There are 2 protein chains.
Amino acid sequence: MSLGVSVGETVRFRKTVTESDVGLFAGITGDFAPNHVDEEYMRTTPYGTRIAHGVLVLGLASTASTILAGRIPGTTVSAGYDRVRFTGPVRIGDTVTIDYTVESIDEERRRVRAAVRGATQDGTTCLVATHILAVVADS
Amino acid sequence: MSLGVSVGETVRFRKTVTESDVGLFAGITGDFAPNHVDEEYMRTTPYGTRIAHGVLVLGLASTASTILAGRIPGTTVSAGYDRVRFTGPVRIGDTVTIDYTVESIDEERRRVRAAVRGATQDGTTCLVATHILAVVADS
């Protein structure tokens, strides 16, 4: 059965990364690196202020993949990511736009590979990755 | 200056993935895939129940990296991950053990590569990845 999506198809998801997002993410994961929770320390660094966890920003890419997955009949899961790079900081209050573009479709293995790009409001790339979506059960 | 860590050095981090973790992670990221929030639907799938977001589990690997980074003088950030694979489901209530082992150190580029393995309480691997930690400012 066709997966119902096409190469080149794109999903866009935008979200402002808030202070509560970063605080809750630290609490969920246990990652209390000063980068994310110590404003006074971060003022002394090249960043100047707290930055979001990279994996929090990657979570926004997963949200984009879920929007695409809604077009695929059946049950899908995230199989993983290749070459994830956090190419620039996301500061609290930054708005991130994720562009998620289907790169290839393997109908036999029931997998979709997609290029991920995340950018902050000034257009600076903050995230690149390749995502792998797997169809585990047809509906 | 030496980065202060050695090849083979390991950090272990364990955490139970709770219902509130999964619910809050959905709220932070916007990823309300049925996999994570629809128990009735998930009963009809091979998983039988809600599963955690893969990227939430990856966040526990970042926590392990932060523990290691605490041994490195200066400011470190996560540069990214290579070949992240969510190799098995993490169900609500599962306890995940992350083993984070230094694989190589590039003193010149100020980078540490580490092998990540996550396993649930029965020993099943749920996550593999390679992490890249970057030192951005010496203290």
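Residues numbered from 1 in each chain as written. Chains lettered and ligands numbered in written order. Predicted model: local features only at pLDDT ≥ 70, side-chain atom pairs only at ≥ 80, totals over all residues. Heavy atoms only, no water.

The name given to chain A in an unreviewed UniProt entry is Acyl dehydratase, with Pseudonocardia thermophila as the source organism. As recorded by UniProt, the Sequence similarities (unreviewed entry) comment attached to chain A reads in full: "Belongs to the enoyl-CoA hydratase/isomerase family." (UniProt positions renumbered as here; feature names shortened; annotations may be inferred.)

**Q** Is there a simple way to think about the interface of chain A and chain B in this case?
**A** Note on interface size: it is often stated as the accessible area lost on association of the parts. With 41 residues of chain A at the interface, the matching set in chain B holds 41 residues. For the pair chain A and chain B, the summed buried area comes to about 3100 Å², and 60% of that belongs to carbon and sulfur atoms. Among the residues chain A hides against chain B, the three largest losses belong to A:I28, A:T29 and A:V55. Together they make up 19% of the total. Between chain A and chain B we count two salt bridges in total. For the salt bridge of A:R85 with B:D82, the shortest nitrogen-to-oxygen distance reads 3.0 Å. (Contact = heavy atoms within 4.5 Å. Buried area = accessible area lost by both parts, 1.4 Å probe. Salt bridge = Lys/Arg side-chain N within 4 Å of Asp/Glu carboxyl O.)

**Q** Would you take a moment to explain the UniProt feature "domain: MaoC-like" (unreviewed entry) in chain A for this structure?
**A** As annotated by UniProt and renumbered to match this structure, "domain: MaoC-like" (unreviewed entry) occupies residues 7-112 of chain A. Helix makes up 33% of residues 7-112 of chain A and strand 30%. Its end C-alpha atoms lie 9 Å apart. (Helix = DSSP H or I, 4+ residues; strand = E, 2+ residues; numbered from the N terminus.)

**Q** Help me out: how do you make sense of the nonpolar core in this one?
**A** In a soluble, globular protein the nonpolar side chains are often hidden away together inside. In terms of nonpolar packing, the biggest core is built from 70 residues, with A:L58, A:Y81, A:L127, B:L58, B:Y81 and B:L127 touching the most fellow members. Contact partners of A:Y81, with chain neighbours within four places excluded, come to A:L58, A:A61, A:S62, A:A129, A:T130, A:H131, B:V55, B:R83, B:V84, B:R85 and B:F86. (Core = buried A, V, L, I, M, F, W, Y, C linked by side-chain atoms within 4.5 Å. Buried < 20%, exposed > 50% of the residue type's maximum accessible area, 1.4 Å probe, protein only.)

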